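Coordinate inspection notes
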Amino acid sequence: MALIASKIMTLSREQFILLLLALIGLGFLVQQTQQPPLQTSLWRGGALSTQRVARQSLSAAFAPQSATEHPSGNPLRNPRTVITQGYGVGSHAPASVWGGIDLAVDGDGDGKADPQGTWRAPVYATHDGVARVRPDTWPGGNYLAIENNRYKTAYAHLDSYAVVDGQPIVRGQLIGYVGSTGMSSGPHLHYEVWEHGINRDPLDFDVLRHEW
Ligand SMILES: [Zn+2]
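Quantities reported herein were computed from a predicted structural model and do not represent experimental measurements.

**Description of the overall build of the protein chain**
What the protein chain contains, in helices and strands, is five helices and ten strands. Taken over 212 residues, the protein chain has a buried fraction of 39%. For the protein chain, long-range pairs separated by at least 24 residues make up 64% of all intrachain contacts whose partners lie at least 6 apart in sequence. Surface summary for the protein chain: the accessible area is close to 11200 Å², and the carbon and sulfur share equals 61%.

**Some points on the pattern of salt bridges**
If you walk through the whole model with that rule in mind, you get six salt bridges. Here aspartate 159 makes a salt bridge to arginine 120, at a shortest N to O gap of 3.0 Å. Here aspartate 159, found in strand β6 (residues 151-161), pairs with arginine 120, found in the loop between α5 (115-118) and β3 (122-124); they are 39 residues apart in sequence, far enough to count as distant. A relative accessible area of 24% places aspartate 159 in the partly exposed class. Residue classification places arginine 120 among the partly exposed residues on the basis of a relative accessible area of 46%. The shortest N-O distance in the salt bridge between arginine 132 and glutamate 147 comes to 3.0 Å. Taken as a pair, arginine 132 in strand β4 (residues 129-137) and glutamate 147 in strand β5 (residues 141-147) lie far apart in primary sequence, 15 residues in all. Using a relative accessible area of 5% as the deciding quantity, one classes glutamate 147 as buried.

**Quick notes on the coordination of the zinc ion**
Bound to the zinc ion on the protein side are His92 (NE2), Asp102 (OD) and His190 (ND1), at distances that span 2.0 to 2.1 Å. Positions of the donor residues of the zinc ion, expressed as sequence spacing, correspond to H-x9-D-x87-H. Here histidine 190 lies in strand β9 (residues 189-195) and aspartate 102 lies in strand β2 (residues 101-105), a separation of 88 residues in the sequence. Each of the two residues, aspartate 102 as well as histidine 190, counts as buried.

**Topic: the pairing of β9**
Across the seven residues that make up β9, a large majority, seven, are buried. The pairing of β2 with β9 spans three bridges and is antiparallel. Residue pairing for β9: aspartate 102 is matched across the bridge by histidine 190. Here β9 pairs with strand β10 (residues 198-200) via three bridges, running antiparallel. Looking at the pairing, tryptophan 194 lines up with asparagine 199 of β10. Where β9 hands over to β10, the hairpin turn is made up of two residues, of which histidine 196 adopts a positive phi near 50 degrees.

**Considerations on the pairing of β5**
Along β5, seven of the seven residues are buried, which leaves the element largely enclosed by surrounding structure. Examined bridge by bridge, β4 and β5 share six bridges and lie antiparallel to one another. Residue alanine 131 lies in a different strand from β5, and its bridge partner there is isoleucine 146. With antiparallel pairing between neighbouring strands as the criterion, β4 and β5 make up a hairpin whose turn holds three residues. With five bridges connecting them, β5 and β6 associate as antiparallel partners. Along β6, the bridge assignment pairs asparagine 142 with leucine 158. Connecting β5 to the next strand, β6, in antiparallel fashion are three residues.

**Some details on the side chain of serine 72**
On the secondary structure map, serine 72 appears in the loop between α3 (48-61) and β1 (81-85). Setting aside chain neighbours within four positions, we find serine 72 in contact with Thr126, Arg171, Phe205, Asp206, Arg209 and Trp212.

**Re the confidence of the model for the protein chain**
Confidence in the prediction for the protein chain averages 82 pLDDT; 70% of positions are at 70 or higher. Low pLDDT (under 50) marks residues 59-64, which in the prediction has eight contacts with non-local residues, meaning those over four places away or in another chain.

Cut-off values and rules
- Residues numbered from 1 in each chain as written.
- Predicted model: local features only at pLDDT ≥ 70, side-chain atom pairs only at ≥ 80, totals over all residues.
- Heavy atoms only, no water.
- Helix = DSSP H or I, 4+ residues; strand = E, 2+ residues; numbered from the N terminus.
- Buried < 20%, exposed > 50% of the residue type's maximum accessible area, 1.4 Å probe, protein only.
- Contact = heavy atoms within 4.5 Å.
- Areas by Shrake-Rupley, 256 points an atom, 1.4 Å probe, with all protein chains shown as cover.
- Salt bridge = Lys/Arg side-chain N within 4 Å of Asp/Glu carboxyl O.
- Donors = N, O, S within 2.8 Å, 3.2 Å for Na, K, Ca; no water.
- Pairing = 2+ DSSP bridges.
- pLDDT = per-residue confidence, 0-100.

Structure below.
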């Protein structure tokens with residue numbers, strides 16, 4: 001640095017102005033070529049390079065923000081839903097990577113979730129977006145994300161899908177069925193909410209409102 005600094009000090013006025021212009025031009029180029037950072041989630045399947053393209057086209061498709069683009073409600077839409085693992089605890093830590101909650105159904109009404117009530121329970125989209133179907137991932141198993149230009153919700157360990165990859169989805173639409181695929185010890189829905197690539201606590205998105 002000292003050498004460069006000393007060279008700068010010995011430039012003619014014309015050389016100094018040229019150097020200044022070159023540095024401004026370089027700064028502009030660097031700014032132009034900088035891309036927004038890609039979010040990386042271990043739950044995400046598929047090639048990262050396609051995600052950026054998808055997000056750009058989504059921005060165009062979902063330019064106006066509407067109420068149904070905002071995730072809201074319990075994806076199981078069942079008043080007998082039980083949270084079997086909370087946000088940021090156990091396997092959901094660290095929340096910035098794995099943040100979500102696990103939902104299951106109390107089928108026999110004893111206050112506890114049970115596999116009979118949970119297995120193949122219907123799962124509904126909590127907001128509008130486009131379906132990203134990623135079967136056979138680890139640890140998310142049959143994983144599904146619904147994305148728009150602001151929000152992404154994720155639904156993991158599904159038994160099966162009710163939608164196909166790339167399908168436009170509206171809030172309340174049946175999207176799949178609860179299963180125990182991937183790293184899972186029993187049927188449950190692992191549900192995540194992301195806003196602008198930042199993991200959020202689903203409890204901030206009315207996930208305890210079961211009927212909507
Ligand atoms: Zn989970």
